[in-house]
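Chains, contacts and geometry: an overview
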Amino acid sequence: ESKERSMAPSRRTTTNSGSSKSAAGRPEGTDGSDYKYRMTVESKYKRAAAARELLQRMLLMQVLAAFVGWLLHVVVLSGGVTSACSVANIVSLLSAIAGFAGRARAGRRGMLRVHAYASLSTAAVGVGLGVLSGWKDGSLVAALPCLMSALANAAAGSTTVVLLSS
């Protein structure tokens with residue numbers, strides 16, 4: 001009997017079901033070798049996260065372009081705060097705020113729709129104003145603030161439309 005007590009316990013023990021366990025009590029197959037069968041994130045959720053990240057980048061670009069366009073128009077070109085191009089840039093900023101508000105919560109798709117419509121409308125108006133001011137003044141520099149903001153609005157608005165359709 002003393003001989004049995006002095007024997008060291010084996011590292012593996014066999015259970016009634018026939019599967020073996022390690023000394024720590026962990027069943028075989030749970031040591032990380034079952035990685036092929038683990039659950040993964042579905043691709044649609046990965047695409048949605050990537051789309052939200054792209055939308056955030058587009059919104060930041062829209063804010064930057066509208067602010068720089070407004071500064072160029074008001075300060076450098078002395079266009080005035082109430083000129084059509086300045087107002088278009090301010091509408092672009094407000095549209096971006098609606099986009100940020102819609103992006104923050106999944107249930108605020110209406111805010112994203114407002115952002116899409118306002119951005120695309122402001123883009124069309126910005127192109128028209130840019131072409132008119134460039135043609136009137138005979139200078140591309142006069143058209144630059146409106147065209148720059150219009151391009152950013154078109155990119156952000158179309159990204160929002162794609163995100164809403166998916």
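Everything that follows concerns the structure shown earlier in this document.
The text that follows walks through the structure, step by step, so that each part is easy to find. Within each chain, residue numbers correspond to sequence positions counted from 1 in written order. Note on the predicted model: pLDDT of at least 70 is required for a residue's local features to be given, and 80 or more for side-chain atom pairs to be given and counted; whole-chain, interface and lining totals, by contrast, use all residues. To get the side-chain values, all heavy atoms of the structure are used, and hydrogens and water are removed first.

**Details of helix α5 (residues 140-165)**
Note the following rule: Elements are defined by DSSP. Helices are runs of H or I of four residues or more, strands are runs of E of two residues or more, and each kind is numbered from the N terminus. A helix is expected to span 1.5 Å for every residue after the first. Two axes enter the bend calculation: one fitted to the seven residues ending at the residue in question, the other to the seven starting there, and the bend is the angle between them.
Taking 1.5 Å of rise per residue, 26 residues should cover 38 Å, and α5 covers 36 Å from first to last C-alpha, within 8% of that figure. Most pronounced at Cys146, the bend in α5 amounts to some 30 degrees.

**Focus: the packing of helix α2 (residues 43-76) against α5**
Using the following cut-off: In this description, a line fitted to the C-alpha atoms serves as the axis of each element, helices being fitted only across the stretch in contact, and the angle between N-to-C directions of two axes falls anywhere from 0 to 180 degrees. Note on angle classes: values under 35 degrees are labelled roughly parallel, values over 145 roughly antiparallel, values of 65 to 115 roughly perpendicular, and the remainder oblique. Crossing chirality is assigned from the near helix's rotation relative to the far helix, an anticlockwise turn below a right angle marking it left-handed and a clockwise turn marking it right-handed. Pairs of residues are marked as contacts when any of their non-hydrogen atoms sit within 4.5 Å. Three classes are used, and their members are as follows: Ala, Val, Leu, Ile, Met, Phe, Trp, Tyr, Cys and Pro are nonpolar, Asp, Glu, Lys and Arg are charged, and the others, Gly among them, are polar.
Direction vectors running N to C along α2 and α5 enclose 160 degrees, while the axes themselves pass 8 Å from each other. One way to sum up the angle between α2 and α5 is to call them roughly antiparallel. Between α2 and α5 lies a crossing whose hand is left-handed. Facing Ala51, Leu54, Leu55, Met58, Met61, Gln62, Ala65, Ala66, Val68, Gly69, Leu72 and His73 of α2, the residues of α5 in contact are Pro145, Met148, Ser149, Ala152, Asn153, Ala155, Ala156, Thr159, Thr160 and Leu163. Across the contact of α2 with α5, the residue classes break down as 15 nonpolar, seven polar and no charged.

**Re empty space enclosed by the protein**
Leftover empty space is mapped by rolling, across the atoms, a probe with the size of a water molecule. Worth spelling out the cut-off: Using a 1 Å grid laid over the protein atoms alone, points where a 1.4 Å probe fits but cannot get out form a cavity; open sets with protein on both sides within 12 Å along at least 5 of 7 lines form a pocket; any residue with an atom within 4 Å of a point counts as lining. Grid points are joined across faces, edges and corners, and a volume is the space filled by probe spheres set on the points.
Tallied over the entire structure, the rule returns one cavity of 30 Å³ or more. Considered as a void within the structure, the largest cavity measures approximately 30 Å³ in volume. Around the largest cavity, the lining residues are Cys85, Ala88, Asn89, Thr122, Gly126, Cys146, Ser149, Ala150 and Asn153. Only α3 (84-104), α4 (109-137) and α5 provide two or more residues apiece to the lining of the largest cavity. In terms of residue count, α5 provides more of the lining of the largest cavity than any other element does, four residues in total. Per-class residue counts for the lining of the largest cavity are four nonpolar, five polar and no charged.

**A short note on the environment of Lys44**
Defined as follows: Partly exposed describes any residue whose relative accessible area lies between the buried limit of under 20% and the exposed limit of over 50%, with all areas from a 1.4 Å probe on protein chains only and scaled to the type maximum.
Position of Lys44 relative to the elements: it lies in helix α2. By relative accessible area, which is 42% here, Lys44 ends up partly exposed. Residues Lys44 and Ser166 lie 122 residues apart in sequence; the distance between their C-alpha atoms is 9.6 Å.

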